[in-house]
Amino acid sequence: MPHDHDDHTHPHTLLPSDPALRIKALETLLTRKGLIDPQALDAIIDTYENRIGPRNGAHVVVKAWTDPAFRAALLEDATKVVSELGYYGRQGEHMVAVENTDSVHNMVVCTLCSCYPWPLLGIPPTWYKSDAYRARAVREPRKVLADFGVALPSDVAVRVWDSTAEVRYLVIPRRPDGTDGLDEKALMDLVTRDSMIGTGLAHYPAAGTT
Amino acid sequence: MTRPHDMGGRYGDGPVIPENENLRFKEDWHARALAVTLASGSLGQWNIDISRHAREKLSPTDYARFSYYEKWIAGLADLLVHSGVVDPREYAGADPVPSPLADRALRAQDVDKVLATGGPADRPSQVPQLFSVGDAVKTRKVAANCLVDGGHTRLPRYAAGMRGRIVRFHGTHVLPDSAAHRLGDAPEPLYAVAFRAAELWAHPEHPEDEVVLDLWQSYLVADA
C-alpha cells in the first residue's frame, strides 16, 4: 500500500497533483460561467460513492440463482427485468445478462474505452480501465484470469464480450455448491463485483457461516 | 485507423492489478473529474460518441501518458471549446463570461432524475435487417470510418477483416461513425457477432475460446 500511515507529512502532498489542479480550475471556470452547480457535483459523487454499486448487480444475480422464472426473464430481456427492480439509468440503457455454465465462462471488457454497466455495478475499477486489461483481455483472457487468481478447467471455453456499442453486459456467475440453505442476503455476500465482470468467481461461503 | 485507444490484442502491457472492491475513487479529484464531465454533458452540447471521439483523438503522446481521468479532463476541455461553450482565452485566465447556457446547468435536485433517465441509443430505422442469428458474416477489412476520413468508429482493429457469426440481434441503434461527427443518428441494425479466438489470433490460448463484439450492420458483409 502506498500510504499505510499518514502520521508524517510528505512534501509532495502539500500541493495537489497536477490533474487535481486542472480539474479544480475547470470546475471554477464553469461555475463562474454559470454552467456548473457545485452542489450538483456533490450529488453525483454521492450517488456513485454511496448509492449505486455492485450490490445492485449482486441482487440481480441472487434473484437469478433462486427464482427460475426471474432467471428466464433476465436472460430473455435483461433491460426490462433490471428496470423493474429500479436499476435503470445512465450507462445501463441496454442490458444483456450472460450466464456462466459448466462449459462456458463469460468475461467483459471494453477495448476501445471503458464501457461498463453503471446502474448495476457502479463506477468501474481502475484495472478495468487500464491499458493492460483493455489490451490483453481479448487475446489472452486466461492469463488475465490468472492475474486474478482464477484458473479455469480446460473443458471450459472462455467467451469474452467486448462492449463496442451501448449494450452493457452482466455476467451471472455460477452459484457455488453447498449454498442451498442460504438466504438472499447471505447469497449476495458471495457475489463479488469481479464475478459479475467475469474476472472472478462467486465465493464459497466461509466455513461455519451456514 | 491506428489511434492509440484501439489497443485490443496489443502486446506488452504487463499484469492486470486487481483492486479492493470497496474502493470507489482512488483520489478525490477522480470523483470531481467524473462529476464535472457528467454535469457538463447535461448541457446538451454533445452526445456520447462525440465525447468518446474527443478522448481518443488526444495526441498519441497525451493518450499514452495521461491517467484515465486526465483523458476525461483533457477531452472535456477540448469539447467545451469546440462546442463554443468556453473561449480558450478563459482557460488562459481571462475573466469568465456568463454563459447563455446557464439556465441548462444541472441542479442538485435534478441529479437523481438525470442519472436515472440515461440516454438510450436505440432508434427506429428504415434500414432493412440483413442478418439473423446464426448467419456467417465478415467484418470490414479496415477498421476505418467510411463517412469521415480518420473519424470515429467502433470496429476495433483486431476484429477487422475477420469471419464471425451473428449470435444476437440488438435492434436498431445510433451509428457512432455518424453521430460522433454531428452527421445525424443514422440508426441501423446492431448485432452481437462471435469470433473464434483462432480466427482472431495466431496463437489462441484455447481452441474453444471466442470473442463477441457488438457491430453495426454497415461494418459487416455476408460471408459466402
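Residues numbered from 1 in each chain as written. Chains lettered and ligands numbered in written order. Predicted model: local features only at pLDDT ≥ 70, side-chain atom pairs only at ≥ 80, totals over all residues. Heavy atoms only, no water.

Focus: the nonpolar core
Core analysis: the largest hydrophobic core is formed by 121 residues, its most contacted members being A:Ile44, A:Tyr48, A:Leu74, A:Tyr133, B:Leu34, B:Tyr69 and B:Leu220. With sequence-adjacent residues up to four places away left out, A:Leu74 is seen in contact with A:Val60, A:Ala64, A:Val81, A:Val82, A:Ala97 and A:Ile172. (Core = buried A, V, L, I, M, F, W, Y, C linked by side-chain atoms within 4.5 Å. Buried < 20%, exposed > 50% of the residue type's maximum accessible area, 1.4 Å probe, protein only. Contact = heavy atoms within 4.5 Å.)

Structural notes on the packing of aromatic side chains
Residue and element names in this part refer to chain A. Scanning the entire structure with this criterion turns up 14 aromatic pairs over all chains. Plain terms: the ring middles of Tyr-48 and Trp-118 are 5.3 Å apart, the flat faces sit at 75° to each other, and that makes the pair edge-to-face. Within this pair, whereas Tyr-48 is found in helix H2 (residues 38-51), its partner Trp-118 is found in helix H6 (residues 118-121), the two being separated by 70 residues in sequence. Judged by its relative accessible area of 7%, Trp-118 is buried. Chaining the aromatic ring pairs together yields one cluster made of Tyr-116, Trp-127, Tyr-128, Tyr-133 and Phe-148. (Phe/Tyr/Trp six-rings, centres within 6.5 Å; stacked < 30°, edge-to-face > 60°. Helix = DSSP H or I, 4+ residues; strand = E, 2+ residues; numbered from the N terminus.)

Some thoughts on the UniProt feature "binding site: Fe(3+)" (unreviewed entry) in chain A
Per the UniProt record, "binding site: Fe(3+)" (unreviewed entry) is found at A:Cys110, A:Cys113, A:Ser114 and A:Cys115. In the annotated group above, the largest cavity draws its lining from A:Cys113 and A:Ser114. A:Cys113 gets classed as buried once you look at its relative accessible area, which sits at 17%. With near-sequence residues (within four places) excluded, A:Cys113 lies in contact with A:Arg134, B:Arg52 and B:Arg154. If you trace the backbone, A:Ser114 turns up in the loop between strand E2 (104-109) and H6. According to the relative accessible area criterion, A:Ser114 is buried, its value standing at 11%. When near neighbours in sequence (up to four residues on either side) are disregarded, A:Ser114 contacts A:Pro124, A:Tyr128, A:Lys129 and B:Tyr68. (UniProt positions renumbered as here; feature names shortened; annotations may be inferred. 1 Å grid on protein atoms, 1.4 Å probe; cavity = no way out; pocket = protein on both sides within 12 Å on 5 of 7 lines; lining within 4 Å.)

Thoughts on the domain arrangement of chain B
Residues and elements named next belong to chain B. In terms of domain boundaries, chain B breaks down into domain 1 (28-117) and domain 2 (135-222). On a C-alpha basis, the centroid separation for the pair domain 1 and domain 2 is 28 Å. Each partner contributes to the interface: domain 1 provides 9 residues, whereas domain 2 provides 10 residues. Approximately 700 Å² of surface area, both sides summed, lies buried where domain 1 meets domain 2, with 47% of it carried by carbon and sulfur atoms. Of all residues in domain 1, Asp-49, Ile-50 and His-53 give up the largest surface area on contact with domain 2, accounting jointly for 61% of the area buried on that side. At the junction of domain 1 and domain 2, the tally comes to 0 salt bridges. Where domain 1 meets domain 2, there are 4 residue pairs in polar contact (both at pLDDT 80 or more). (Domains from an automatic or database assignment. Buried area = accessible area lost by both parts, 1.4 Å probe. Salt bridge = Lys/Arg side-chain N within 4 Å of Asp/Glu carboxyl O. Polar contact = N/O pair within 3.5 Å; in protein donor to acceptor, adjacent residues only side chain to side chain.)

As for the interface of chain B and chain A
On the side of chain A, 82 residues touch chain B, which itself brings 92 residues to the contact. When residues of chain B are sorted by the area they lose upon contact with chain A, B:Val16, B:Arg32 and B:Glu205 head the list and together hold 10% of the total. Linking chain B with chain A are 9 salt bridges, by the criterion used here. A salt bridge links A:Arg159 to B:Glu210; the nearest nitrogen and oxygen atoms lie 2.5 Å apart. Scanning the region where chain B abuts chain A turns up 41 residue pairs in polar contact (both at pLDDT 80 or more). Listed by contribution, the elements that provide at least two residues to the side of chain B that touches chain A are helix H1 (28-41), helix H2 (48-56), helix H4 (68-82), helix H5 (88-91), helix H6 (111-117), strand E2 (163-173), strand E3 (188-196) and strand E4 (210-216) of chain B. Among the elements that line the side of chain B that touches chain A, the one with the most residues is H1(B), at 10 residues.

Quick notes on the environment of B:Trp72
For B:Trp72, the location among the structural elements is in helix H4. Here the alpha-carbon distance between B:Trp72 and B:Glu56, two residues 16 residues apart in the chain, equals 9.9 Å. Residue contacts for B:Trp72: discarding those within four places in its chain leaves A:Trp118, B:Ala33, B:Leu34, B:Thr37 and B:Arg55.

Here's the deal with the state of the cysteines
Per the stated rule, a full pass over the model turns up 0 disulfides over all chains. Its sulfur unpaired, A:Cys115 is 3.6 Å from the next cysteine sulfur, which belongs to A:Cys113. (Disulfide = S-S within 2.5 Å.)

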